[in-house]
Amino acid sequence: MVAIYGLYIINKSGGLIFYKDYGSAGRMDTNDSLRVASVWHSMHAISQQLSPVVGCLGIELLEADTFDLHCFQSLTGTKFFVVCEPGAQHMEGLLKLIYELYTDYVLKNPFYELEMPIRCELFEIHLTEALQKDRVALLGR
């Protein structure tokens, strides 16, 4: 199973609406997670504007020595990204599964207000289940 260090969901304005730490060596406090989300949103937006490729959707993968950052942006501009161990495979499928869970359990919740922090128990329960499943199960979707 691939080690996932953290999951972030950012609204289209760049605000952090969901963050979950999965036991990274150096746990981040709330301010640090807000800073990471803000910096990523800015880098993503700048990369879209500076790209020589017409229709570029921004950075999808950032590879570093100690981690990889995989990003998926929905059509509404909401960004989902995971920080995981270097060389992790099939994170695109995982991000799309997380997006499906988001649409099923957050957006269909009548008490959820768009662009606000996610406080949905069903989403968190199903997210935990999805991340605990074997990686092969994610590939079959």
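A quick note: this is a predicted structure, and the numbers were derived from the prediction, not measured.

**Topic: the environment of His 90**
Mapped onto the fold, His 90 is located in the loop between strand E5 (79-84) and helix H2 (91-107). It is 9.7 Å that separates the C-alpha atoms of His 90 and Val 2, two residues lying 88 residues apart in sequence.

**A look at the packing of aromatic side chains**
Taken as a whole and assessed by the stated rule, the structure comprises nine aromatic pairs. Relative to Tyr 102, the ring of Phe 80 lies with its centre 5.2 Å away and its plane at 75 degrees, an arrangement referred to as edge-to-face. Pair noted here: Phe 80 is in strand E5 and Tyr 102 is in helix H2, with a separation of 22 residues, a long-range link. Relative accessible area serves as the criterion here: at 4%, Tyr 102 is assigned to the buried category. Every member of this aromatic cluster is reached through a ring pair, and the members are Tyr 8, Tyr 19, Trp 40 and Phe 81.

**Some points on helix H1 (residues 30-50)**
Its 21 residues give H1 an end-to-end C-alpha distance of 30 Å, which sits within 8% of 30 Å, the value for a rise of 1.5 Å per residue. Residues Ser 33, Ala 37, Trp 40, His 41, His 44 and Ser 47 constitute the buried set of H1. Buried residues of H1, viewed axially, fall in a sector of 135 degrees; they line one side. Turned more than 90 degrees off the buried face of H1, the exposed positions are Gln 49 and Leu 50.

**Here's the deal with the side chain of Thr 78**
Within the fold, Thr 78 resides in the loop between strand E4 (68-73) and E5. At a separation of 3.4 Å, a polar atom in the side chain of Thr 78 contacts the side chain of Thr 76. Apart from the residues lying within four places of it in its own chain, the contact partners of Thr 78 are Ile 9, Ile 10, Phe 72, Gln 73 and Tyr 102.

Calculation criteria
Residues numbered from 1 in each chain as written. Predicted model: local features only at pLDDT ≥ 70, side-chain atom pairs only at ≥ 80, totals over all residues. Heavy atoms only, no water. Helix = DSSP H or I, 4+ residues; strand = E, 2+ residues; numbered from the N terminus. Phe/Tyr/Trp six-rings, centres within 6.5 Å; stacked < 30°, edge-to-face > 60°. Buried < 20%, exposed > 50% of the residue type's maximum accessible area, 1.4 Å probe, protein only. Expected span 1.5 Å × (residues − 1). Arc of directions from axis to C-beta. Polar contact = N/O pair within 3.5 Å; in protein donor to acceptor, adjacent residues only side chain to side chain. Contact = heavy atoms within 4.5 Å.

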